[in-house]
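The primary structure of each chain is shown beneath.
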Amino acid sequence: MPDPSQTPKLQLVDVHKSFGPKRVLAGVNLDVMPGESLVIIGGSGTGKSVTLKCMLGILKPEKGQVLIDGAPLAEVDSEAFLNDFGMLFQGGALFDSLTVWQNVAFRLRRKPFSLSKKEARERAIAKLARVGLGAETADLFPAELSGGMQKRVGLARAIATDPHVIFFDEPTAGLDPIMAGVINDLIRELVTEMGATAVTITHDMTTVRTVADDVAMLHDGLVRWHGPVADMDTATDPYLDQFIHGRATGPIAAIR
Amino acid sequence: MNLATFVIGFLASIGRSVLALLTATGRVALFTLETLSHAVRPPYYPGEFGKQMLTIGYFSLPVVGMTALFTGAALALQIKAGGGQVASEQLVPSVVAIGIVRELGPVLAGLMVAGRISSAIAAEIGTMRVTEQIDALTTLSTDPLKYLVLPRVLASLVALPLLVAVANVIGIMGGYLIAVGTFGFNPGAYIKNTLDYIDTVSVVSSLVKAGTFGFILGLMGCYHGYNSGRGALGVGQATTNAVVSSSILILAANYALTQAFF
Ligand SMILES: Nc1ncnc2c1ncn2[C@@H]1O[C@H](COP(=O)(O)OP(=O)(O)OP(=O)(O)O)[C@@H](O)[C@H]1O
Ligand SMILES: [Mg+2]
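What you see is a predicted model; the values in this text were computed from it and never measured. (Residues numbered from 1 in each chain as written. Chains lettered and ligands numbered in written order. Predicted model: local features only at pLDDT ≥ 70, side-chain atom pairs only at ≥ 80, totals over all residues. Heavy atoms only, no water.)

Novice: How should the overall build of chain A be read in this particular structure?
Specialist: A count of helical and extended segments in chain A gives 8 helices and 10 strands. Here the C-alpha atoms of chain A give a radius of gyration of 18 Å, agreeing with the 18 Å that 2.2 N^0.38 yields for 256 residues. If you line up chain A on its principal axes, its C-alpha atoms span 55 × 40 × 40 Å. The proportion of buried residues among the 256 residues of chain A is 54%. (Helix = DSSP H or I, 4+ residues; strand = E, 2+ residues; numbered from the N terminus. Rg over C-alpha atoms; globule rule 2.2 N^0.38 Å. Buried < 20%, exposed > 50% of the residue type's maximum accessible area, 1.4 Å probe, protein only.)

So this is what it looks like as structure tokens:
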């Protein structure tokens, strides 16, 4: 369990983000402690992916601050931060001009890791095995894989260098239940065994229960509920309640 | 609507276009400077540069070669039609040589490669943008400008002069084939006349133009792809913008360079 006296690893303070007239984040506050696994849930289109991108500085908030280890994003040595960071994108975001193993080993071949081609390939194949993909996929191109396989290659790429901060955007979407179970266990393992700080976005309640220490629910541009996963079922928030039980009726409109 | 509101509306629309143009120019300038700044800061990606040289240079040879061949041949036909047999023996080789080397070689090669490469670059980088591959590069500690843009811009800058050198030779050959084959001109005299008329400034201007056009088409492909809108529509738009803007800029640059050289 994270220690509350520590500085949060990642912190969003009153983050606002709009696209043109469309307001997506309207003052999001979120803390992620070192070694904590935070799961973000929320309706489709509520800005979960946008939240992750704001944390990374890929998207610039109009207002509010992103802090990493207590320091504003602009002052952080992004080189050092990114070298210990991995991210699985919602769509996989594999480089389609490179083969599967080259995708996974992309960072391993570069500074500061600088592995030889042979070592990098071996490491890539080992990571592919961890996400349930055999060595025969290594030389295929991403376009030759199914959607779920692409997702898992993206996951293997995110964890290739054993980073300590990892973002997973819907890691189990499009996977069969068995494979989803494998991936959930893998994420949990990264957090408990390697002490990684993880932020996971998911719609899958099994993933929430397996992976999360803390759960945050986004709704209408704000963090609607944030607390330990153990408190989720007894929480009285009607929005959270409707969401985790998947009811069509409740405070969250079905048309958004 | 009375006249005053109409005039004001019209002026406002002009003002908006001018502002839009200035903004776009500023954006392109910033993009260019940032890209070029990576040329003096390691790491470098020579492998990417090599790959691009192959696609942009080598694989454009057939298109550029065919264009030059037919243009040289057509030019010879036109000049012959304009002059008599005797005058033509002198006129055809000289005008073909000068026309191809100074103008048609670089301009046509530039436009053909703009159509072929600028669009392909915009589509590739645009697709990478909309499928989050560019964001993924950033999270993998790789600067997309350094890894994607710089190699493409440099490769087009280097490849175009090489392509144009080849295009010039093939274009002159096109004229030669018609002159010697169809008109029955003396081959030795044709070649001698050609060489007499090609001077250093023609060759240098040809290659400088080529390099400039290469830089323009590489840059425009990258710029529009990099700033592509979302979805397939965005990528399609980026591709069109890349071809249109690089073609127009190539023609404008050609005018400016011709003015500067001659
Ligand atoms: N680059 C962008 N330009 C314009 N609008 C965007 C952009 N990225 C996201 N949006 C908008 O922001 C909103 C939130 O998007 P986001 O991708 O964060 O949703 P999400 O919560 O991840 O949804 P899902 O669960 O479906 O992935 C959406 O309405 C989307 O249209
Ligand atoms: Mg999303």
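Back to the text.
Novice: Sorry, what's going on with the interface of chain B and chain A here?
Specialist: Reports often express the size of an interface as the amount of accessible area lost when the parts come together. Opposite the 15 residues of chain B that make contact, chain A presents 19 residues. Carbon and sulfur atoms make up 58% of the area that chain B and chain A hide from each other, which totals about 1,500 Å². Ranking the residues of chain B by area buried against chain A places B:E132, B:T139 and B:L140 at the top, with a combined share of 39%. Our count for the contact surface shared by chain B and chain A stands at 1 salt bridge. The salt bridge involving A:K53 is made with B:E132; its shortest N-O contact spans 2.5 Å. At the junction of chain B and chain A, the tally comes to 6 residue pairs in polar contact (both at pLDDT 80 or more). At 6 residues, the largest contribution of residues to the side of chain B that touches chain A is made by helix α5 (residues 133-139) of chain B. (Contact = heavy atoms within 4.5 Å. Buried area = accessible area lost by both parts, 1.4 Å probe. Salt bridge = Lys/Arg side-chain N within 4 Å of Asp/Glu carboxyl O. Polar contact = N/O pair within 3.5 Å; in protein donor to acceptor, adjacent residues only side chain to side chain.)

Novice: So what exactly am I meant to see when it comes to the UniProt feature "transmembrane region" (unreviewed entry) in chain B here?
Specialist: Residues and elements named next belong to chain B. Annotation from UniProt places "transmembrane region" (unreviewed entry) at residues 56-77, 153-183, 203-226 and 238-257. Helix makes up 94% of residues 153-183 and strand 0%, whereas the separation of the span's terminal C-alpha atoms amounts to 43 Å. Across residues 203-226, the secondary structure splits into 100% helix and 0% strand, with the terminal C-alpha atoms separated by 34 Å. (UniProt positions renumbered as here; feature names shortened; annotations may be inferred.)

Novice: What is the right way to look at the UniProt feature "domain: ABC transporter" (unreviewed entry) in chain A in this model?
Specialist: Following the UniProt record, the feature "domain: ABC transporter" (unreviewed entry) maps to residues 10-245 of chain A here. Annotated as residues 10-245 of chain A, this span is 33% helix and 26% strand, and its ends, taken at the C-alpha atoms, are 29 Å apart.

Novice: Can you help me understand the layout of surface pockets in this one?
Specialist: Residues and elements named next belong to chain B. Here the second largest pocket is characterised by a volume of approximately 310 Å³. If you trace the second largest pocket, you find 13 residues lining it, with A24, V28, M220, S245 and L249 closest to the centre. Of all elements in the fold, only α1 (3-37), α8 (200-226) and α9 (231-261) reach the threshold of two or more residues within the lining of the second largest pocket. Taken together, the residues of the lining of the second largest pocket sort by class into 9 nonpolar, 4 polar and no charged. (1 Å grid on protein atoms, 1.4 Å probe; cavity = no way out; pocket = protein on both sides within 12 Å on 5 of 7 lines; lining within 4 Å. Points joined across faces, edges and corners; volume = space filled by probe spheres on them. Nonpolar A, V, L, I, M, F, W, Y, C, P; charged D, E, K, R; others polar.)

Novice: Explain the coordination of the magnesium ion (ligand 2) to me, please; I cannot follow it from the model alone.
Specialist: Expected angles at a metal are 109.5 degrees for tetrahedral coordination by four donors and either 90 or 180 degrees for octahedral coordination by six donors. Taken together, A:S49 (OG) and A:Q90 (OE1) make up the full set of protein donors to the magnesium ion (ligand 2), lying 2.0 to 2.1 Å away. Linking A:S49 in helix α1 (residues 48-56) with A:Q90 in the loop between β6 (85-88) and α3 (100-104), this pair joins segments that are 41 residues apart in sequence. (Donors = N, O, S within 2.8 Å, 3.2 Å for Na, K, Ca; no water.)

Novice: What should I look at first to understand unusual backbone geometry in this one?
Specialist: One can expect most non-glycine residues to show negative phi and most peptide bonds to be in trans. Here the amide bond leading from A:K111 into A:P112 is cis, since omega sits at 0°, within 30 degrees of zero. Among the secondary structure elements, A:P112 is positioned in the loop between α3 and α4 (117-130). Residue B:P43 is reached from B:P42 by a cis peptide bond, and omega for that bond is 0°. Summarising the element assignment, B:P43 is placed in the loop between α1 and α2 (46-57). Even without a glycine there, the phi angle at A:D69 is positive, about 50°. Within the element layout of this structure, A:D69 appears in the loop between β4 (63-68) and β5 (71-72).

Novice: Can you walk me through the side chain of A:R107 in this structure?
Specialist: In this structure, A:R107 sits in the loop between α3 and α4. Despite being buried, A:R107 has no salt bridge partner; A:E79 is the closest side chain of opposite charge, sitting 7.2 Å away. Of note is the side chain of A:R107, whose polar atom sits 2.7 Å from the backbone oxygen of B:T139. Look past the residues within four positions of A:R107 in its chain and what remains in contact with it is A:L82, A:N83, A:F85, A:F113, A:T161, B:T139, B:L140 and B:S141. (Lys, Arg positive; Asp, Glu negative; His and termini not counted.)

Novice: Looking at this model, I keep getting lost on the site of ligand 1. Mind explaining?
Specialist: Residues in close proximity to ligand 1 total 15 residues, the closest being A:K22, A:S44, A:K48, A:S49 and A:Q90. Neighbouring residues of ligand 1 are not confined to one chain but are distributed across chains A and B. One nitrogen or oxygen atom from the side chain of A:S44 is found 2.6 Å from an oxygen atom belonging to ligand 1. Contacts to ligand 1 include A:V50, whose backbone N or O atom sits 2.9 Å from an oxygen atom. Taking 630 Å² as the accessible area of ligand 1 by itself, protein coverage stands at 73%. Contributing elements (two or more residues each) for the shell around ligand 1: β2 (22-32) and α1 of chain A. With 3 residues, α1(A) is the single largest residue contributor to the shell around ligand 1. (Near = heavy atom within 4 Å. Areas by Shrake-Rupley, 256 points an atom, 1.4 Å probe, with all protein chains shown as cover.)

Novice: Would you mind showing me how to read the sheet that holds β2(A) here?
Specialist: Two modes of strand pairing occur in sheets, parallel and antiparallel, and in both the strands are linked by backbone hydrogen bonds. All names here are of chain A. Pairing within the open sheet is antiparallel, and its 4 strands lie in the order β2-β1-β4-β5. Looking at the sheet topology across the chains shown, the edges are occupied by β2 and β5. In terms of strand pairing, strand β1 (residues 10-19) meets β4 through 5 bridges, oriented antiparallel. Counted as the bridge partner of H16 is K63 from β4. (Pairing = 2+ DSSP bridges.)

Novice: Help me out: how do you make sense of the sheet that holds strand β9 (residues 214-219) of chain A in this one?
Specialist: All names here are of chain A. Strand order in this open sheet of 6 strands is β6-β7-β8-β3-β9-β10, and the pairing throughout is mixed. Edge positions in the open sheet fall to β6 and β10 (222-228), since each of these has one partner strand only. Within this sheet the neighbouring strands show an average axis-to-axis angle of 15°, counted without direction. Where β9 meets β10, 6 bridges bridge the pair, whose relative direction is antiparallel. Its bridge partner lying in β10, D214 is registered against P228. (Axes fitted to C-alpha atoms, helices over the stretch in contact; angles between N-to-C directions.)

Novice: Honestly, empty space enclosed by the protein in this entry has me stumped. Any pointers?
Specialist: Empty space among the atoms becomes apparent when a probe as large as a water molecule is rolled across them. What the rule picks out here adds up to 2 cavities of 30 Å³ or more. By volume, the largest cavity is sized at about 50 Å³. Lining the largest cavity, in full, are B:V64, B:T67, B:A68, B:T71, B:I100, B:L104, B:G105, B:L108, B:A109 and B:A167. For the lining of the largest cavity, the secondary-structure elements that each account for two or more residues are α3 (61-82) and α4 (85-130) of chain B. Looking at the lining of the largest cavity element by element, the count peaks at 5 residues for α4(B). Broken down by class, the residue content of the lining of the largest cavity amounts to 7 nonpolar, 3 polar and no charged. For the second largest cavity, the calculated volume is near 40 Å³. Forming the boundary of the second largest cavity are A:F85, A:G86, A:M87, A:F89, A:R107, A:R157, A:A158, B:T139 and B:L140. Contributions of two or more residues to the lining of the second largest cavity are made by β6 and α5 (147-158) of chain A. Ranked by residue count, the leading element in the lining of the second largest cavity is β6(A), at 3 residues. In terms of residue class, the lining of the second largest cavity is made up of 5 nonpolar, 2 polar and 2 charged.

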